[in-house]
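Each chain is listed here by its residues.
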Amino acid sequence: MKAIAYQNALPISDPLALQEVELPAPQPGPRDLLVEVKAIAVNPVDTKVRKGVSVEPGQWKILGWDAVGIVKSVGAQVSLFKPGDRVWYAGALHRAGANAELHVVDERIVALAPQSLSDAEAAALPLTAITAWEMLFERLGVPRAGEATRGKESLLIIGAAGGVGSIMTQLARQLTDLQVIATASRPETAQWVRDLGAHQVLDHSQPLAQALKDAGLPAPNYVVSLTQTDQHFDQIAELIAPQGRFGLIDDPAPGSIDIGKLKRKSVSLHWELMFTRSLFDTPDQIEQHRLLSEVSRLVDAGLLRSTQGEHFGRITAENLRRAHALLESGKARGKIVLEGF
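Everything numeric in this text was worked out from a predicted model, so none of it was measured. (Residues numbered from 1 in each chain as written. Predicted model: local features only at pLDDT ≥ 70, side-chain atom pairs only at ≥ 80, totals over all residues. Heavy atoms only, no water.)

Draft legend 1. Quick peek at the sheet that holds strand E11 (residues 200-202). Strand order across the open sheet formed by 6 strands is E11-E10-E9-E12-E13-E14, with parallel pairing between neighbours. Every interior strand has two partners, whereas the edge strands, E11 and strand E14 (268-271), have only one. Across the sheet, the axes of successive neighbouring strands diverge by a mean angle of 20°, strand direction being ignored. Relative to strand E10 (residues 179-183), strand E9 (residues 154-158) is paired through 4 bridges, and the arrangement is parallel. Bridge assignment links Ser154 to a residue of E10, and that residue is Gln179. Against the sheet, helix H3 (residues 126-139) makes contact with E9, strand E12 (222-225), strand E13 (245-248) and E14, and its axis sits at roughly 145° relative to E14, the strand it touches most. (Pairing = 2+ DSSP bridges. Helix = DSSP H or I, 4+ residues; strand = E, 2+ residues; numbered from the N terminus. Axes fitted to C-alpha atoms, helices over the stretch in contact; angles between N-to-C directions. Contact = heavy atoms within 4.5 Å.)

Next comes the structure, spelled out in structure tokens:
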């Protein structure tokens, strides 16, 4: 099969950072699906792994943790899918990625893809939808619309124009009663998050605590930081409501944040990594199948839309290098997708 892979951790400007190679087709395990990949999306985790992980001589590392494809065959214990099903998923960090013509994935973290989206449009959503859903409803415990709350509450999403923020903004607006406050630093990204449902937009290139006051907004009960948390943490500690809940998904440098600043307000801190369930083979892995199925239903009902930002063409090494470079620049809006070999 054709795959885009690498051997040594290299800067994306190096042609060897991602290469087109021919590799043996993978074989599905008992609970696996063998999927013919039709479209993929690129995430920050791809760039982090590529820059930090080399492989043994003679081996190849395949990245890619967003895919839409057609099931070709199933393992002996598979019960949720059959050959011919069109599926979407985000895969598992400890297994080979989906930047290949064929891919194997555990059925428990897969769902049927939305019928109303093209392959490329659908590929933009799985990883970020799982991340946003788990953060909002499982880590932070945000009440769903109509459920009892502590009064009018709000959610501040820092870095809302990226992949996770783009779907989190929609989920919060459509499925909760929260006032959704998003941050973005450019006119085009500010408009993007408004279009996705944000009630208010702040500029995170300015001190956020003051921006919140200037906008006449109350202290948010929930704050999620999706990027550059080490730069924003002191502002978050200042602006979050007492007894608030703070979540993050990025990787602040060691020693760059002082969580003791959250103590006086009794603020809880929550990490989210959507790969945790598959990495540790947790008994509740099936929850990712269920939530992706629900997201698919919401998309087909017209309540959620694809967060595709740019379509970079076919799945080639050159196009994937361009996608990685854009992500590393910090200027991507929504998700970068590629389609077809």
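Draft legend 2. Main features of the nonpolar core. If you look at the biggest cluster of nonpolar residues, it comprises 85 residues, and the most contacted ones within it are Trp88 and Met168. With 8 residues, the top contributor of residues to this core is H3. The next biggest cluster of nonpolar side chains, apart from the first, holds 19 residues, and it includes Leu208, Ala211, Leu212 and Ile240. (Core = buried A, V, L, I, M, F, W, Y, C linked by side-chain atoms within 4.5 Å. Buried < 20%, exposed > 50% of the residue type's maximum accessible area, 1.4 Å probe, protein only.)

Draft legend 3. Quick peek at helix H5 (residues 187-195). Inspection of H5 places Thr189, Ala190, Trp192 and Val193 among the buried residues, and these make up the whole buried set. Axial view of H5: buried residues confined to an arc of 155°, hence all on one face. Looking at the packing, one finds that the buried side of H5 touches helix H4 (163-175), E10, E11 and strand E15 (308-311). (Arc of directions from axis to C-beta.)

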